Amino acid sequence: MFQLALVAMTALQASTITLPNVPSPAAATRTVAVAEPIVTSPEHIARARLALANGEFDVARREFVTAAAIDRDEGKLPTEATFGLAHVLYAQSYNREAAMVLERLAADASTVGDVDTEAKALLDAMWLNVDAKQRLQARADASRLRVLLRDKRLSNETRKLVASRVN
């Protein structure tokens, strides 16, 4: 079974350079860290969308994973990057993995109190789990979604979305 591994990639990379005309042999082996330009999450998302449109799924996955890692490092909920990653995984027929990614987003959204993102992520995860024949997990997602539908903080837009897709 394919296991999805989200690898956090750093925005800065260190390059090794050798210092020219160094008098001592020990000094010639020193390395200097050269900072490359920082690429932000929106830039990675734009690259991922372009790769997805061109059918370059592996590139799209890598860019969405990187964007999500950057968002998490900055203390943000990686909503856009995670939904994009789930889309790529679904396009590659990795429905269970896509559902797992969305369930993690739902859990993260729950911890920060973002009920709209949690509901949307659970709605998609539920559908993906049904498609992947993961009935028990789909029922668990549906159960949590029912609880969220009673939450007064849930927007009317999200309620309508859930109603349109569940009924």
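Below is a summary of the structure that appears in this document. Nothing here was measured: the structure is a model prediction, and the numbers come from that model. (Residues numbered from 1 in each chain as written. Predicted model: local features only at pLDDT ≥ 70, side-chain atom pairs only at ≥ 80, totals over all residues. Heavy atoms only, no water.)

Structural notes on the nonpolar core
Link 1 in the chain: Phe64, Leu85, Leu102, Met126 and Leu145 are the most contacted members of the largest nonpolar core, which has 34 residues in total.
Link 2 in the chain: Broken down by element, the residue count for this core peaks at eight residues, all from helix 6 (residues 115-131).
Link 3 in the chain: For Met126, the contacting residues outside a window of four places in its chain are Ala138, Asp141, Ala142, Leu145 and Val166. (Core = buried A, V, L, I, M, F, W, Y, C linked by side-chain atoms within 4.5 Å. Buried < 20%, exposed > 50% of the residue type's maximum accessible area, 1.4 Å probe, protein only. Helix = DSSP H or I, 4+ residues; strand = E, 2+ residues; numbered from the N terminus. Contact = heavy atoms within 4.5 Å.)

Considerations on the packing of helix 5 (residues 95-112) against helix 6
Link 1 in the chain: Helix 6 packs onto helix 5 with a crossing angle of 160 degrees between their chain directions and a minimal axis gap of 8 Å. Comparing their axes, helix 6 and helix 5 come out roughly antiparallel. Helix-helix and strand crossings are classified by hand; for helix 5 and helix 6 the assignment is left-handed. Here helix 5 contributes Asn95, Arg96, Ala98, Ala99, Leu102, Glu103, Leu105, Ala106, Ala109 and Ser110 to the contact with helix 6, which in turn contributes Thr117, Glu118, Ala121, Leu122, Asp124, Ala125, Leu128, Asn129 and Asp131.
Link 2 in the chain: Residue classes in the contact of helix 5 with helix 6 are distributed as ten nonpolar, four polar and five charged. (Axes fitted to C-alpha atoms, helices over the stretch in contact; angles between N-to-C directions. Parallel < 35°, antiparallel > 145°, perpendicular 65-115°, else oblique. Left-handed = near helix turned anticlockwise from the far one by under 90°. Nonpolar A, V, L, I, M, F, W, Y, C, P; charged D, E, K, R; others polar.)

A short note on the environment of Phe64
Link 1 in the chain: Following the sequence through the fold, Phe64 ends up in helix 3 (residues 57-73).
Link 2 in the chain: Sequence spacing of Phe64 and Gly84 is 20 residues, and the spatial spacing of their C-alpha atoms is 6.4 Å.
Link 3 in the chain: In this structure, Phe64 is in contact with Ile45, Ala48, Arg49, Glu80, Ala81, Gly84, Leu85 and Val88, ignoring residues within four places of it in sequence.

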